[in-house]
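Examining the three-dimensional arrangement
The residues making up each chain are set out below.
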Amino acid sequence: MIKKIFFAIIALVAITCAIAATRSDEMNVTRSATIAAPPAAVFAVVNDFRQWDAWSPWSKIDPTMKKSIEGPPEGVGAIYHWSGNTQVGEGTTKLVESKPSERVGMRLEIVRPFAGASDVQFTFAPDGKGTKVTWAMQSKKPFIGKVMGLFINCDKMCGDQFNQGLENLRKIVEEPAKK
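Attention here is on the structure that accompanies the text. Keep in mind it's a predicted model, so treat the numbers as computed, not measured.

About the cut-offs
- Residues numbered from 1 in each chain as written.
- Predicted model: local features only at pLDDT ≥ 70, side-chain atom pairs only at ≥ 80, totals over all residues.
- Heavy atoms only, no water.
- Pairing = 2+ DSSP bridges.
- Helix = DSSP H or I, 4+ residues; strand = E, 2+ residues; numbered from the N terminus.
- Patch = residues over 30% accessible without salt bridge, like charges linked within 9 Å, V, L, I, M, F, W, Y side chains within 5 Å.
- Areas by Shrake-Rupley, 256 points an atom, 1.4 Å probe, with all protein chains shown as cover.
- Salt bridge = Lys/Arg side-chain N within 4 Å of Asp/Glu carboxyl O.
- Axes fitted to C-alpha atoms, helices over the stretch in contact; angles between N-to-C directions.
- Contact = heavy atoms within 4.5 Å.
- Core = buried A, V, L, I, M, F, W, Y, C linked by side-chain atoms within 4.5 Å.
- Buried < 20%, exposed > 50% of the residue type's maximum accessible area, 1.4 Å probe, protein only.

Here we look at the pairing of strand 3 (residues 79–83)
- Examined bridge by bridge, strand 2 (residues 66–70) and strand 3 share five bridges and lie antiparallel to one another. Residue serine 68 lies in a different strand from strand 3, and its bridge partner there is histidine 81.
- Pairing analysis gives five bridges linking strand 3 to strand 4 (residues 90–99), with the strands arranged antiparallel. Residue pairing in the sheet places serine 83 in a bridge with glutamate 90 of strand 4.
- What sits between the antiparallel neighbours strand 3 and strand 4 is a turn of six residues, in which glycine 89 has the positive phi angle 70°.

A few points about a nonpolar patch on the surface
- Taken together, Met1, Ile5 and Ile9 make up a surface patch of nonpolar side chains, about 350 Å² in accessible area.
- Counting through the fold element by element, methionine 1 comes out in the segment before helix 1 (2–21).

Some words on the sheet that holds strand 2
- Spatially, seven strands are ordered 1-7-6-5-4-3-2 in an open sheet, and the strand pairing comes out antiparallel. At either margin of the open sheet sits one strand with a lone partner, and together these are strand 1 (26–35) and strand 2. Along the sheet, successive strands turn relative to each other by an average axial angle of 15°, direction set aside.
- Pairing of strand 1 with strand 7 (residues 130–140) involves ten bridges; the strand directions are antiparallel. In the strand pairing of strand 7, methionine 27 is matched with serine 139.
- Of the strands in this sheet, strand 1, strand 4, strand 5 (103–112), strand 6 (116–127) and strand 7 are in contact with helix 2 (residues 39–46), which crosses strand 6 at around 160°.

Here's the deal with the side chain of threonine 93
- Inspection of the secondary structure assignment puts threonine 93 in strand 4.
- Setting aside chain neighbours within four positions, we find threonine 93 in contact with Phe49, Ala78, Ile79, Tyr80, Trp82, Met106, Arg107 and Leu108.

Comments concerning the nonpolar core
- Judged by nonpolar contacts, the single largest core of 31 residues is most densely connected at Phe122 and Leu169.
- Looking at this core, the elements that each hand over two or more residues are strand 1, helix 2, strand 3, strand 5, strand 6, strand 7 and helix 5 (154–178).
- Counting residues per element, this core draws most heavily on helix 5, which supplies five residues.
- Non-local contacts of leucine 169, meaning those with residues more than four positions away in its chain, are made with Ile35, Val42, Val45, Val46, Trp55 and Val133.

Some details on the pattern of salt bridges
- Applying the stated criterion across every chain, the model contains ten salt bridges.
- Note that lysine 67 is salt-bridged to aspartate 53, the shortest N-O span being 3.2 Å. Taken together, the positions of lysine 67 in strand 2 and aspartate 53 in the loop between helix 2 and helix 3 (57–61) put the pair 14 residues apart, joining distant regions of the chain.
- You can call aspartate 53 partly exposed: its relative accessible area is 34%.
- Its salt-bridge partner being arginine 107, residue aspartate 119 comes within 2.9 Å of it at the nearest N-O pair. On the criterion of sequence distance, the pair formed by aspartate 119 in strand 6 and arginine 107 in strand 5 is long-range, its members being twelve residues apart.
- A relative accessible area of 34% means that aspartate 119 is categorised as partly exposed.

Encoded structure:
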């Protein structure tokens, strides 16, 4: 009986690994929202790490996380360090591209809970009387990431957080325009 259980476990692990091996090496998450403000207004908030706590979904998850800014607080070269609970982890975001009213590019380096690196972009495009903001993230998935992807939907998990962040961003950017 023990032998059968052992072989069943080995077979399940082998099948899981075989399925994971067929999965893509790329992880892409993209969400968009329209904000009733000009591109310059939205860009100014995203491009400035001093304003991130007001809209970042992770700041809301762990209001006590430790944060620091290195270099300039906004634009290329700005670096945001954070360390929080197990839900937000620890890492660094560095602004690597800043085109006013068009695009903010970042390099995200996560230390924990799972080490990894991603490229992140925010793009701003005029859309009627507002701005279409697109938040995108891409990274390579190691094999363990492919295995975890069989059980955890990263697109939904990260995408839900992106949606919340875009909604928070919409609220703080649109609020001054109402006054």
